[in-house]
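# Chains, contacts and geometry: an overview
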Amino acid sequence: MVGLGVMGRNLLLNMGDHGFSVAGFDLDSTKVESLRQEAGNRKIFATTALKEFILALKSPRAVLMLVPAGAPVDAVIRDVHPHLSEGDLLIDGGNSFFKDTNLREKTLAEKKIHFFGMGVSGGESGARYGPSLMPGGDKTAYNRIHPILEAIAAKVNGEPCVAYLGPTSAGHYVKIIHNGIEYGLTQLLAETYDLMHRGLDLTNPELHDIYHDWSQGELNSYLVEITANIFKQVDSETGKHMIDLILDTAKQKGTGMWTAESAMELHVPTNTIDTAVTWRNLSSLKDERQAASELLKVSSAPFSGDKKAFVNQLKNALYAAMIITFTQGMTLLRTASKTYGYDLNLEVVSRIWRGGCIIRAGLLEKMRDAYRKQSDLSNLLTDPVLSKEVLARQADLRAIIRTSVDLGIPTAAFMASLAYFDGYRSARLPSNLTQAQRDYFGAHTYERTDAKGVFHTRWDAPEVVPPPALAGKERQTL
Ligand code: 6PG
């Protein structure tokens, strides 16, 4: 292991727990020392000397690095690769950009060194006691390391939350989309909090109880569970609830944005995830928002309905929106898989996300079933089970959005989810008008509903329109 920060150290300890003999390297002697202390009688060797570290490894070597994405990954590759030999394997376990992974794989392949991009999800405790692992790269190299990965990964019903995902950057791509879904889900949860706190005036203990209750039913998931816990936390210094002391600007490291960017590049609609990224950006405008809250005052009547009934609607709306968010992520994976030749098995992706990772949720079992029944399912909303679940809750999704509009509380991710649902089930969208406009101002042409071919109209010239049967041939311009 190169990089003995919290994640690297915890993964090594996890390997040590499973009886593997491992070595760790970091230039920071305090990190090395603290690992030595914690290692106890596990077979863990730690050093600040790169040569010593390399010598400790059996050939063909497998080196896993857990360092921040970007320049630090290249710095490690630069320092470590001269010590590696043909057939060795270098694994990047960080949240790297998938196109960087492709490039690194190509460069190292020229030196006959295998390079793996592996998504690692689950944070500190996941790394220590069982993460979800998303490896991609050379299959034969994977076969060498899979016993270690399977041993340390989280298990659900005895199945490890790791599997070989595909060649090149498949693993890092899947991790990016995992994080994009994470952005969507956290934004939806933030909106439920806003509605219940600002809209319904519920207290933190009441919020704890509600989220806890939700986490026991169909919404059972890691994110709902930790949300419940957050509302219990009291600051030891002030005695106040932690949640009320945290500044309302959400930071980001880039994976959500990469999901949205990739979706745009591949022309896949992922508007809940896009909105979640936008909302982090809006949240960062704290000073402007503060000023605008005085300038742009709008009076709205306080909530006057039945709070209990509303909370129940919110629960249903959240479940429907969660399905829709996962749907967007999975459709993106499906398209990326075809475009980039990852050959992803979405049943496997659903399986390894059931445990260990941040987006783990009971819902993933149903998604897995959906892909098991139909491996090339184009959209989860067409699965008989999931579609029924969304249809049964869509009225509640509309209801909570209506209330949010009346209260003046933004529910951008819920709105995006409903719009995705309504857009996807629209046999006819107003895009015919968009096409007409594009053709009008830019001669971009359009297709017709009544004839094959590509057409252009001279919109501002008075024109006698020929019958459609003739129109195809006569006005075909491309
Ligand atoms: C995980 C998390 C992890 C990290 C995110 C946070 O799967 O364990 O997703 O990768 O917490 O990168 O991302 P932001 O800082 O962009 O919210």
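Remember, predicted model here, so these are calculated numbers, not experimental data.

### Looking at the packing of aromatic side chains
Under the defined criterion, the tally for this structure stands at 18 aromatic pairs. Aromatic side chains Phe-98 and Tyr-173 sit 4.8 Å apart centroid to centroid with 90° between the ring planes, which places their arrangement in the edge-to-face category. In this pair, Phe-98 sits in helix H5 (residues 98-110) while Tyr-173 sits in helix H8 (residues 170-199), placing the two residues 75 residues apart along the sequence. Each member of the pair, Phe-98 together with Tyr-173, is buried. Between the aromatic rings of Phe-98 and Tyr-340, the centroid separation amounts to 5.4 Å while the plane-to-plane angle is 50°, which identifies the pairing as tilted. Residue Phe-98 is located in helix H5, and its partner Tyr-340 is located in helix H14 (residues 307-340); the two are separated by 242 residues in the primary sequence. By way of ring pairs, the aromatic residues Phe-97, Phe-98, Tyr-173, Trp-258, Tyr-340 and Tyr-342 are connected into one cluster.

### Remarks on the pattern of salt bridges
With the rule as written, the count across this model stands at 27 salt bridges. Residues Lys-297 and Glu-294 are paired through a salt bridge, measuring 3.8 Å at the closest nitrogen-oxygen approach. The exposure classification of Lys-297 matches that of Glu-294, with both residues exposed. Each of Glu-159, Glu-347, Arg-354, Glu-365 and Arg-368 takes part in a single network of salt bridges with overlapping partners.

### Regarding the domain arrangement of the chain
Partitioning the chain into structural domains gives domain 1 (6-168), domain 2 (175-424) and domain 3 (431-476). Here domain 1 and domain 2 have C-alpha centroids that lie 31 Å from each other. Taken together, the 27 residues of domain 1 in the interface contact 25 residues of domain 2. For the domain 1 and domain 2 pair, buried surface summed over both sides reaches about 1900 Å², with 59% attributable to carbon and sulfur atoms. The tally of links from domain 1 across to domain 2 stands at three salt bridges. With a closest N to O distance of 3.0 Å, Glu-159 and Arg-368 form a salt bridge. On the surface where domain 1 and domain 2 come into contact, there are eight residue pairs in polar contact (both at pLDDT 80 or more). Of all the secondary structure elements, the ones that give two or more residues to the side of domain 1 that touches domain 2 are H5, strand E5 (114-121), strand E6 (132-136) and strand E8 (159-160). Looking at the side of domain 1 that touches domain 2 residue by residue, the class counts come to 14 nonpolar, eleven polar and two charged.

### Points about the sheet that holds strand E3 (residues 62-65)
With mixed pairing, the four strands of this open sheet are ordered in space as E3-E4-E5-E6. The two strands at the open ends of the sheet, each matched to only one other strand, are E3 and E6. Taken pair by pair, the neighbouring strands of this sheet meet at an average axis angle of 25°, ignoring direction. Pairing analysis gives four bridges linking E3 to strand E4 (residues 89-92), with the strands arranged parallel. Residue pairing across strands places Leu-64 opposite Ile-91, the latter belonging to E4. Against the sheet, H5 engages E4 and E5, with an angle of about 150° to E5.

### A closer look at the environment of Cys-357
Tracing the backbone shows Cys-357 in the loop between helix H15 (346-352) and helix H16 (363-373). The exposure class of Cys-357 is buried, given its relative accessible area of 0%.

Rules used throughout
Residues numbered from 1 in each chain as written. Predicted model: local features only at pLDDT ≥ 70, side-chain atom pairs only at ≥ 80, totals over all residues. Heavy atoms only, no water. Phe/Tyr/Trp six-rings, centres within 6.5 Å; stacked < 30°, edge-to-face > 60°. Helix = DSSP H or I, 4+ residues; strand = E, 2+ residues; numbered from the N terminus. Buried < 20%, exposed > 50% of the residue type's maximum accessible area, 1.4 Å probe, protein only. Salt bridge = Lys/Arg side-chain N within 4 Å of Asp/Glu carboxyl O. Domains from an automatic or database assignment. Contact = heavy atoms within 4.5 Å. Buried area = accessible area lost by both parts, 1.4 Å probe. Polar contact = N/O pair within 3.5 Å; in protein donor to acceptor, adjacent residues only side chain to side chain. Nonpolar A, V, L, I, M, F, W, Y, C, P; charged D, E, K, R; others polar. Pairing = 2+ DSSP bridges. Axes fitted to C-alpha atoms, helices over the stretch in contact; angles between N-to-C directions.

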